[in-house]
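# Structural features, examined
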Amino acid sequence: MAVHVSTTWLGDMRFNKLMQFIMQIALISFICLNPSRSLSQDLKKEIVFSSPFKLAGYDFTDNGNFYLLHNKKDIKTKQKKYYLTVYSAKDFEETLSYAPKNKIKIRSISPDGKSLLYSTSKSKSKFNILDEQGHTKTLKDSKIEGNLYREYSKRNLLSDFDLRVDFTEFMLNKSYYVIAPKIKDSPNLSLLERSFDLKTPKYSKFSFPNYETDRKKLLWSLNTTSSDQLVFVAKDLSKDGKVDNYFVSIYDEKFNIQHSTSLKVEFLKDYFSYSNDGKGTSWYHYAYDTKDSTAKNVDALSGATGNLLFDKEENVFYTYGLYSVKQKPYRIIKPDGFYIYKFDWKGKLLWNKKHSISEYKNFSKKQKGFHYIVKLNKTGNKLGISLRPEDGKNIYLASLDENTGDIIKKSISAYSYSRNGYNGISKNTFWSPYNLKNDYSSKLNFDFETIEALFFNSKFSNYLKSLKDQKFSFTSKIIDSGVIVIQSENKTDKFSLMKFSF
């Protein structure tokens, strides 16, 4: 069968292809000549509020959902009205919109961003649940409901190592939970479940696997929470400071144990140094002043010698922290570098690396371990480590190969403090106390995680380099797939929620 093709049609097709090619070249040239106008954000949402407006609270959840609490005065009644909005990290759509009658303090938000645990200004000692249908109920009449932390603090239970678990409360998508002992002398743990359907709270026993260790009781801490998984970690540091054992227990959302393993980190010559993981894991014991509730003394526990990052996608574990050539007292450190160990799902060591930082004086001088922040993030197909010492005005940042632990690139970011950043949130700006001295406008203010994100994500860095003579404040959240950023435009009621993928 013969097929007849029109020469006119062929000519039109060639012309169309030529025009497409010319347009592609023009677009590439435009982007190269105008980097600030390139589509650097993978997702962006403009948030504009009507005046009069005041920012009252904000934060990110562990999975990158962002919530923003604000208030404004009613023009007629002059009374303040409060509004809370939660934005999904996936598509920036509103997962929760709530208008409480009084000012609230948020205790926790569920991983899906649809349920809320909070206290009010009128009753700070009691908590309320808001479920995804918009129903609310006050938690009361139980010793481990209401202000849970205060109750256990009064009974001196938080400092009792026989409890075998750090005081733990968390939310999943359908319920709010507390893991704690019922009485001081009991080694058993209880699990309180308060479902968001507002039924009677449910109590059940909770236990961790038994591991062979010289320590009589292991202090367990919640390492990671997602909508369908909880990762608990306990640690046991040997008396000579050479071996650090990690015990890992992973549960599903119904508290069935999915996996348990142990990880052994062993030094032949060096010693572990204490540090702070920067995400609130309780590897320290705090003694508070009874008058103003400030920490008057901080003692490191054995867990402060390092921490664990679980890569759920690859089912691998990373342990990381600081090391020193010479052994130091437990509260005072003088680190010579940082270490990273990678283990497979069964606890087999895949590789380990130590990297020296002794050439940088601020990072290796004598200081308190509690104030030395060490963070490890999964940044796409790489690892990102951040070191912020107690003193000095520099942050050490390094991007590492996840298959070898080798350093791909590293940098020292010099910063200064902004006084305005430490005044807390103002009319519409975030708590962003840092200014970077190089590459970026001095009018841009950052929080610590934004400084990390700038180094680990080039698209985000290029975007900020394009901002000239504009005052913005930023706060960020690094998640496995990218960086979630909220940007406030000073002296306006405008915000930009953006995602820059790795």
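Note that the structure is a prediction, hence the values are computed from the model and not measured.

## Quick notes on the pairing of strand β6 (residues 104-109)
- Alignment of β6 against strand β7 (residues 116-120), held across five bridges, turns out to be antiparallel. Within the sheet, the bridge partner assigned to I104 lies in β7 and is T120.
- Joining the antiparallel neighbours β6 and β7 is a turn of six residues, in which G113 adopts a positive phi near 75°.

## With respect to the nonpolar core
- Residues F338, I340, I385 and L387 are the most contacted members of the largest nonpolar core, which totals 39 residues.
- Sorting elements by how many residues they give to this core places strand β22 (residues 316-324) first, with six residues.
- The residues touching I340, leaving out its near neighbours within four places in the chain, are Y318, T319, Y320, W351, N352, K353, L376, I385 and L400.
- Judged by nonpolar contacts, the second largest core, of 26 residues, contains I395, Y415, A453 and F455.

## Describing the sheet that holds strand β16 (residues 243-252)
- Reading across the sheet, the four strands line up as β14-β15-β16-β17 and stay open at both edges, with antiparallel pairing between neighbours. Lying at the two open borders of the sheet, with one neighbouring strand each, are β14 (220-226) and β17 (257-266). Shown here is a sheet whose adjacent strand axes are inclined to one another by a mean of 20°, direction ignored.
- When strand β15 (residues 229-237) meets β16, the two strands line up antiparallel, connected through nine bridges.

## Details of the side chain of S386
- Within the element layout of this structure, S386 appears in strand β28 (residues 382-388).
- For S386, a relative accessible area of 0% translates into the label buried.
- Polar side-chain contacts of S386 include one of 2.4 Å to the side chain of E452.
- What S386 contacts, discounting residues up to four positions off in sequence, is I373, V374, K375, Y396, L397, F448, E452 and F456.

## A closer look at the environment of T61
- For T61, the location among the structural elements is in the loop between β2 (54-60) and β3 (66-73).
- The spatial distance from the C-alpha of T61 to the C-alpha of S88 is 9.9 Å, given a sequence separation of 27 residues.
- Apart from residues lying up to four places away in sequence, T61 is in contact with I109 and K477.
- At a separation of 2.5 Å, a polar atom in the side chain of T61 contacts the side chain of N63.

## Things to note about the packing of aromatic side chains
- Applying the stated criterion across every chain yields a total of 42 aromatic pairs.
- Seen in terms of ring centroids, F66 and F430 are 6.5 Å apart; in terms of plane orientation they differ by 90°. Their pairing is edge-to-face. Taken as a pair, F66 in strand β3 and F430 in the loop between β30 (407-417) and β31 (434-436) lie far apart in primary sequence, 364 residues in all.
- Seen from their ring centres, Y440 and F446 are 6.2 Å apart, and the 80° between their planes marks the pair as edge-to-face. Accessibility classification places Y440 together with F446 in one group, the buried group.
- A connected cluster of aromatic rings, assembled from ring pairs, spans F170, Y177, F206, F208, Y211, W220, F232, F247, Y251 and F255.
- Across from the ring centre of Y271, 4.1 Å away, lies the NZ or CZ of K242, which sits over that ring.

## Thoughts on the sheet that holds β30
- As summarised here, the arrangement of the five strands in space is β27-β28-β29-β30-β31, forming an open sheet in which the pairing is antiparallel. Both outer strands of the open sheet, β27 (373-379) and β31, are each paired with one neighbouring strand and no more. Neighbour-to-neighbour, the strand axes of the sheet open up by a mean angle of 30°, direction not taken into account.
- Relative to strand β29 (residues 394-401), β28 runs antiparallel, the two sharing six bridges.

## With respect to the environment of K328
- Along the chain, K328 falls in the loop between β22 and β23 (332-333).
- Expressed as a C-alpha distance, the spacing of K328 and Y274, which sit 54 residues apart in the sequence, is 9.7 Å.

## Topic: the packing of helix α4 (residues 448-456) against helix α5 (residues 458-465)
- One way to put it is that α4 packs onto α5 with a least axis distance of 5 Å and a crossing angle of 105°. Taken together, the axes of α4 and α5 lie roughly perpendicular to each other. When α4 is examined against α5, the residues T450, A453, L454 and F456 are found in contact with a partner set consisting of S458, F460, S461 and L464.
- Here the contact of α4 with α5 is composed, by residue class, of five nonpolar, three polar and no charged.

## A short note on a positive patch on the surface
- On the surface, K54, K73, K78, K80 and K103 cluster together into a positively charged patch.
- A relative accessible area of 49% means that K73 is categorised as partly exposed.

About the cut-offs
- Residues numbered from 1 in each chain as written.
- Predicted model: local features only at pLDDT ≥ 70, side-chain atom pairs only at ≥ 80, totals over all residues.
- Heavy atoms only, no water.
- Pairing = 2+ DSSP bridges.
- Helix = DSSP H or I, 4+ residues; strand = E, 2+ residues; numbered from the N terminus.
- Core = buried A, V, L, I, M, F, W, Y, C linked by side-chain atoms within 4.5 Å.
- Buried < 20%, exposed > 50% of the residue type's maximum accessible area, 1.4 Å probe, protein only.
- Contact = heavy atoms within 4.5 Å.
- Axes fitted to C-alpha atoms, helices over the stretch in contact; angles between N-to-C directions.
- Polar contact = N/O pair within 3.5 Å; in protein donor to acceptor, adjacent residues only side chain to side chain.
- Phe/Tyr/Trp six-rings, centres within 6.5 Å; stacked < 30°, edge-to-face > 60°.
- Lys NZ or Arg CZ within 6 Å of the ring centre and 35° of its normal.
- Parallel < 35°, antiparallel > 145°, perpendicular 65-115°, else oblique.
- Nonpolar A, V, L, I, M, F, W, Y, C, P; charged D, E, K, R; others polar.
- Patch = residues over 30% accessible without salt bridge, like charges linked within 9 Å, V, L, I, M, F, W, Y side chains within 5 Å.
- Areas by Shrake-Rupley, 256 points an atom, 1.4 Å probe, with all protein chains shown as cover.
- Salt bridge = Lys/Arg side-chain N within 4 Å of Asp/Glu carboxyl O.
- Lys, Arg positive; Asp, Glu negative; His and termini not counted.
- Charge placed at Lys NZ, Arg CZ, Asp CG, Glu CD.

None of the figures reported here should be taken as evidence of function without further support.
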